[in-house]
Amino acid sequence: QVQLVESGGNLVQPGGSLRLSCAASGIMFSIYTMSWYRQAPGKQREWVATVTRVENTNYARSVKGRFTISRDNAKQTVYLQMNSLKPDDTAVYYCKSATTETEYWGQGTQVTVSS
């Protein structure tokens, strides 16, 4: 059974930092491209960042320079380090694992940026 479990979401003040984690099980983690998405209230889900199996990374323009995605294949975990958080970063954050044939999603973790 495939599971992706996100954690690390919290309430944080503007300018603060959080690190999200997504632990995978039931898949050969190292061959999957891993991504983070987010969905704010009343908005569509949007792509945030991706790390490929060879650790190439890409970021949405809105988070580039503030967020860092990374992976630890030994722990089957992908991370999203988020710095200089803004109220507009408030959303449920989801991780996704994907190959050309399949994709899996986690259940999400809430990030709220507010003073």
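Residues numbered from 1 in each chain as written. Predicted model: local features only at pLDDT ≥ 70, side-chain atom pairs only at ≥ 80, totals over all residues. Heavy atoms only, no water.

Caption draft 1: Quick peek at the overall build of the protein chain. Looking only at helices and strands, one finds zero helices and eleven strands in the protein chain. Here the C-alpha radius of gyration of the protein chain, 13 Å, is about what a compact globule of 115 residues would show, namely 13 Å. Split into buried and exposed, the 115 residues of the protein chain put 42% on the buried side. Nonlocal contacts in the protein chain, meaning residues at least 24 apart in sequence, comprise 54% of its contacts between residues at least 6 apart. Summed over its atoms, the accessible surface of the protein chain is roughly 6400 Å², and 44% of this surface lies on carbon and sulfur atoms. Placing the 12 positive and 8 negative side-chain charges of the protein chain at their respective mean positions leaves the two points 5 Å apart. (Helix = DSSP H or I, 4+ residues; strand = E, 2+ residues; numbered from the N terminus. Rg over C-alpha atoms; globule rule 2.2 N^0.38 Å. Buried < 20%, exposed > 50% of the residue type's maximum accessible area, 1.4 Å probe, protein only. Contact = heavy atoms within 4.5 Å. Areas by Shrake-Rupley, 256 points an atom, 1.4 Å probe, with all protein chains shown as cover. Lys, Arg positive; Asp, Glu negative; His and termini not counted. Charge placed at Lys NZ, Arg CZ, Asp CG, Glu CD.)

Caption draft 2: Quick look at the packing of aromatic side chains. If you walk through the whole model with that rule in mind, you get two aromatic pairs. Here the aromatic rings of Tyr 32 and Tyr 104 are separated by 6.3 Å at their centres, their planes lie at 45°, and the arrangement is tilted. One end of the pair, Tyr 32, is in the loop between strand 3 (18–25) and strand 4 (33–39); the other, Tyr 104, is in strand 10 (residues 103–105), with 72 residues separating them in the sequence. Given a relative accessible area of 8%, Tyr 32 falls into the buried group. (Phe/Tyr/Trp six-rings, centres within 6.5 Å; stacked < 30°, edge-to-face > 60°.)

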